[in-house]
Amino acid sequence: MKKQKIIVLTGAGISAESGIKTFRDADGLWEGHDVMEVASPEGWRRNKELVLDFYNQRRRQLLDVTPNEAHIALVNLEKKYDVHIVTQNVDDLHERAGSSQVLHLHGELLKVRSTFDEDLILDWKTDLNIGDFCEHNHQLRPHIVWFGEMVPLLDTAAFLVSQADYIIIIGTSMQVYPAAGLIDYVQANIPIHFVDPNPAVSPRDNLTIHKKTATEGVPKIVHSLLSL
Ligand code: APR
């Protein structure tokens, strides 16, 4: 029998209990920076060194943290369901936990790409510096979707969401478009579970809100889905 499809939309909140700060916790500042300085094409043009340094710090921090109970619970869901994770996070904690189908809407911290050819993407686990060039001799940049840039995997994500039998949304403020608009692709009558200690969604049919942290809420939902 064909497995039912569960699409899990995750945001910064799922990684908070692993020790990675969310974006909107501290007055629009992200680890002490205005997000437009470090996460926009204008910021990159103005000060490449600052942007590279910012992502170098994020990359180093990522090597110090580990997946939490929420990431791990989602892996168990694969025993019974066809699970696709669509994450806004650039960390690799879903992959390290063991999830097998992960789509990164906003890019990946452990990859870089050429500023000459956006399809030239490389794995990168250490610092990225001015003078680190691609094979065409152009500066490499973080493989991150910055504010104002296209989200190349959006159509793939929207299609997955439209095919879902269940949706789980975890730890996102649902403020950043186009990612926040993915919920509009969910078909009628599909159950949606939303886990967030400070949930910012309007009530809608079939939406169950779990006002809990990810590590409290996600294992319980997974347990009940596995016992259906
Ligand atoms: N468990 C679950 N959710 C949590 C937890 C936790 N322990 N701690 C905080 N949260 C929730 C917050 O209540 C908030 O709703 O996580 C959400 C984090 O929201 P944001 O910081 O806005 O993160 P996110 O929605 O992922 O941001 C989207 O914005 O800056 C851009 O590109 C960046 O991908 C990012 C996008």
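What comes next is a walk through the structure. Because the structure is a prediction, the values reported are computed rather than measured.

### Observations regarding helix H7 (residues 154-162)
- Listing the buried residues of H7 in full gives Ala-157, Ala-158, Leu-160, Val-161 and Ser-162.
- In this fold, the buried residues of H7 make contact with strand E1 (5-10), strand E4 (82-87), strand E5 (102-104) and strand E9 (166-170).

### Re the site of the ligand
- Around the ligand there are 20 residues in total, and Phe-23, Arg-24, Thr-172, Ser-173 and Asp-196 lie nearest to it.
- Asp-196 places a side-chain nitrogen or oxygen 2.6 Å from an oxygen atom of the ligand.
- Burial of the ligand by the protein amounts to 90% of the accessible area it has alone, namely 740 Å².
- Counting atoms within 2 Å of the grid points, the majority share of the ligand lands in the largest pocket.
- Taken together, the residues that form the shell around the ligand break down as seven nonpolar, ten polar and three charged.

### Let's talk about empty space enclosed by the protein
- Within the structure shown, the criterion is met by two cavities of 30 Å³ or more.
- Of the pockets and cavities examined, the largest cavity occupies roughly 180 Å³.
- Surrounding the largest cavity, 15 residues form its lining, Ile-20, Phe-23, Trp-30, Val-90 and Asp-91 being those nearest its centre.
- The leading source of residues in the lining of the largest cavity is helix H4 (residues 48-64), at four residues.
- When the residues that make up the lining of the largest cavity are grouped by side-chain class, the tally is eight nonpolar, three polar and four charged.
- Considered as a void within the structure, the second largest cavity measures approximately 60 Å³ in volume.
- Tallied by class, residues from the lining of the second largest cavity come to seven nonpolar, three polar and no charged.

About the criteria used
Residues numbered from 1 in each chain as written. Predicted model: local features only at pLDDT ≥ 70, side-chain atom pairs only at ≥ 80, totals over all residues. Heavy atoms only, no water. Buried < 20%, exposed > 50% of the residue type's maximum accessible area, 1.4 Å probe, protein only. Helix = DSSP H or I, 4+ residues; strand = E, 2+ residues; numbered from the N terminus. Contact = heavy atoms within 4.5 Å. Near = heavy atom within 4 Å. Polar contact = N/O pair within 3.5 Å; in protein donor to acceptor, adjacent residues only side chain to side chain. Areas by Shrake-Rupley, 256 points an atom, 1.4 Å probe, with all protein chains shown as cover. 1 Å grid on protein atoms, 1.4 Å probe; cavity = no way out; pocket = protein on both sides within 12 Å on 5 of 7 lines; lining within 4 Å. Sits in = over half its atoms within 2 Å of the grid points. Nonpolar A, V, L, I, M, F, W, Y, C, P; charged D, E, K, R; others polar. Points joined across faces, edges and corners; volume = space filled by probe spheres on them.

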